[in-house]
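Per-entry structural report
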Amino acid sequence: MAARSVRLMDRAINTIEWLAAMFVGIVALNIFVAVVLRKFFDTSIPDAYDFGRMLLGILIFWGIAATSYRGGHITVDLVWTAAGPRMKRVIDVFATLVLLFVVAVQTAMLFDKVRGTYADNVLTYDLNIPTWPFYAVAWAGDVCAVLLIAIRTYRLIFHPEQLDEIHPEQKADE
């Protein structure tokens, strides 16, 4: 049963990371098409600015989800590097708990933004498309970030061997 739950968590992690990668591709495609249309055909995608802005927001929140579990985000590890193995684990657990709290609060606030844009019927400029679904997709990325940080916290505390991260300074020491 434990191996099955580990596989299920790993599948969820991989799915979330693939979704984040797909949003990177969608943002890049939107920018590329908008530039090509403007440069060579003297036209533009209606609401390209609104779509780009909202897609970038989606990308940011799904990016938070993708980097939160792996610990692949930029960090300053001066104290961590100088600490012993036991203290390193304490620092990792504390930092992950703080991150979990901050992202959970952020998720609650973003849900309020989704609710507000839905209630206020905020629309895009050219096509009058409701913006709340874009905010909802961004919120879903934030929910996934909370889920992944919770999984990371659980694994840090109870099963640190299940985390497959290598800190650059550890790799350099090998």
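As a starting point, this report considers the structure included with it. What you are looking at is a predicted structure, and each value in this text was computed from that prediction instead of being measured. Think of each chain on its own: its residues are numbered from 1, step by step along the sequence as written. Only residues with pLDDT of 70 or above have their local features reported here, since the model is predicted, and side-chain atom pairs are shown and tallied only from 80 upward, although totals for entire chains, interfaces and linings are computed over all residues. Side-chain metrics rest on all non-hydrogen atoms present in the structure, leaving aside hydrogens and water.

1. A closer look at a nonpolar patch on the surface
- Here a patch means residues that are over 30% exposed by relative accessible area and free of salt bridges, tied together within 9 Å if like-charged and within 5 Å if nonpolar (Val, Leu, Ile, Met, Phe, Trp, Tyr). Computed with the Shrake-Rupley method and a 1.4 Å probe, the accessible areas treat only the protein chains shown as cover for residues. Throughout this description, the term salt bridge denotes a Lys or Arg side-chain nitrogen within 4 Å of a carboxyl oxygen of Asp or Glu. There is a patch of nonpolar side chains on the surface, built from Phe94, Val98, Phe101, Val102, Val105 and Met109 and spanning about 610 Å² of accessible area.
- Turning to its location among the elements, Phe101 is positioned in helix α4 (residues 85-119). Note on conventions: DSSP H or I runs of at least 4 residues are helices, E runs of at least 2 residues are strands, and numbering of each starts at the N terminus.

2. Details of the environment of Gly63
- Within the secondary structure layout, Gly63 lies in helix α2 (residues 48-70).
- Sequence spacing of Gly63 and Ile16 is 47 residues, and the spatial spacing of their C-alpha atoms is 9.5 Å.

3. Digging into the packing of α2 against helix α5 (residues 132-158)
- Angles run from 0 to 180 degrees between N-to-C directions of axes, and those axes are lines fitted to C-alpha atoms, restricted for helices to the stretch in contact. Running from amino to carboxyl end, α2 crosses α5 at an angle of 5°, the nearest separation of the two axes being 7 Å. Classed by the angle they form, the pair α2 and α5 counts as roughly parallel. Oblique is the label for any angle not under 35 degrees, not over 145, and not in the 65 to 115 range, which are roughly parallel, roughly antiparallel and roughly perpendicular in turn.

4. Some points on the nonpolar core
- Side-chain atoms within 4.5 Å link the members of a nonpolar core, which is a set of buried Ala, Val, Leu, Ile, Met, Phe, Trp, Tyr and Cys residues. For the exposure calls, accessible area comes from a 1.4 Å probe over protein chains only, and a residue counts as buried if that area is under 20% of its type's maximum, exposed if over 50%, partly exposed in between. Core analysis: the largest hydrophobic core is formed by 28 residues, its most contacted members being Ile16, Ile58, Trp62, Ala65, Tyr69, Leu148 and Ile151.
- Among the elements of the structure, α1 (2-41), α2, α4 and α5 are those that each provide at least two residues to this core.
- We call two residues contacting when some pair of their heavy atoms lies within 4.5 Å. Leu148 has contacts with Ile13, Ile16, Ala65 and Tyr69, leaving out every residue within four places of it along the chain.

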